[in-house]
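Given next are the chains, with one letter for each unit.
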Amino acid sequence: MRWAALYARSRQVPAAFTALLVATAGLWFLARDSWSTLPVTLTLTAGVAMAAIGLSGQDPDLDRAAALPWPIRRFAHLALIGLAAGGAVLAVQELGPSTVGLPIISRDAAGLLGLAGLAATVGGGQFGWTLPLLWCAISPFVPHEDTTVNQIVAWLLQPPGTPAATWTAVILAVSGTLAYTVWGGRR
């Protein structure tokens, strides 16, 4: 068996991908008539959170002792989670009467991916879902005032072209991806 198949099985990729597709289809079905930024954010968060559970293997010492370099695999794994979650949302929203723009989907997917990478680095791969879910749970309850702090905290729900939201997502994406790529999941 090739290393990619072994890697995918050890990280529960088939189960995570199936859960991502089921959650995306289910959430779209429930919100198809009122598809907007909030249901898209919930769907992306669910997809990233489900797939982020596999960001570390069962044996971190075995992962660190591999002959092939892990940073490339870690980056590819994180990037594929973002592409799968964003792609699934883009695909299902085409089935309904309204769509959310690509800038919002890509910004939110990148930021959530960075949060998953940070959570996996700090708490371990099995906790990769915690920070994306926590931030998504807080965002809808932030007051709708146009202060920079509120735009940063509720960056997931901001309209496209909001500089504070875009920069927050970029900083989270870069720092989370870099941290997870370099250090991997916590032991």
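Before reading on, note that the structure itself is shown above.
This text gives an overview of the structure that appears in the document. Since the model is a prediction, treat every value here as computed from it, not as a measurement. (Residues numbered from 1 in each chain as written. Predicted model: local features only at pLDDT ≥ 70, side-chain atom pairs only at ≥ 80, totals over all residues. Heavy atoms only, no water.)

### Looking at the packing of helix 2 (residues 13-31) against helix 3 (residues 37-52)
Reasoning step 1: At a minimum axis distance of 8 Å, the contact between helix 2 and helix 3 shows a crossing angle of 165°. In terms of orientation, helix 2 lies roughly antiparallel with respect to helix 3. Of the two possible hands of crossing, helix 2 and helix 3 adopt the one that is right-handed. Touching A16, A19, L20, A23, T24, L27 and A31 of helix 2 are P39, L42, T43, A46, G47, M50 and A51, all from helix 3.
Reasoning step 2: The class makeup of the residues in the contact of helix 2 with helix 3 is eleven nonpolar, three polar and no charged. (Axes fitted to C-alpha atoms, helices over the stretch in contact; angles between N-to-C directions. Helix = DSSP H or I, 4+ residues; strand = E, 2+ residues; numbered from the N terminus. Parallel < 35°, antiparallel > 145°, perpendicular 65-115°, else oblique. Left-handed = near helix turned anticlockwise from the far one by under 90°. Contact = heavy atoms within 4.5 Å. Nonpolar A, V, L, I, M, F, W, Y, C, P; charged D, E, K, R; others polar.)

### Quick notes on the packing of aromatic side chains
Reasoning step 1: Evaluated as defined, the whole model comprises one aromatic pair.
Reasoning step 2: Ring centres of W135 and W155 lie 6.1 Å apart, and the angle between their planes is 75°; this geometry places the pair in the edge-to-face category. One end of the pair, W135, is in helix 7 (residues 130-138); the other, W155, is in the loop between helix 8 (148-153) and helix 9 (163-183), and 20 residues separate them in sequence.
Reasoning step 3: W135 sits in the partly exposed class, given a relative accessible area of 24%.
Reasoning step 4: A cation over a ring is seen here: R32 above F29, with NZ or CZ 4.2 Å from the ring centre. (Phe/Tyr/Trp six-rings, centres within 6.5 Å; stacked < 30°, edge-to-face > 60°. Buried < 20%, exposed > 50% of the residue type's maximum accessible area, 1.4 Å probe, protein only. Lys NZ or Arg CZ within 6 Å of the ring centre and 35° of its normal.)

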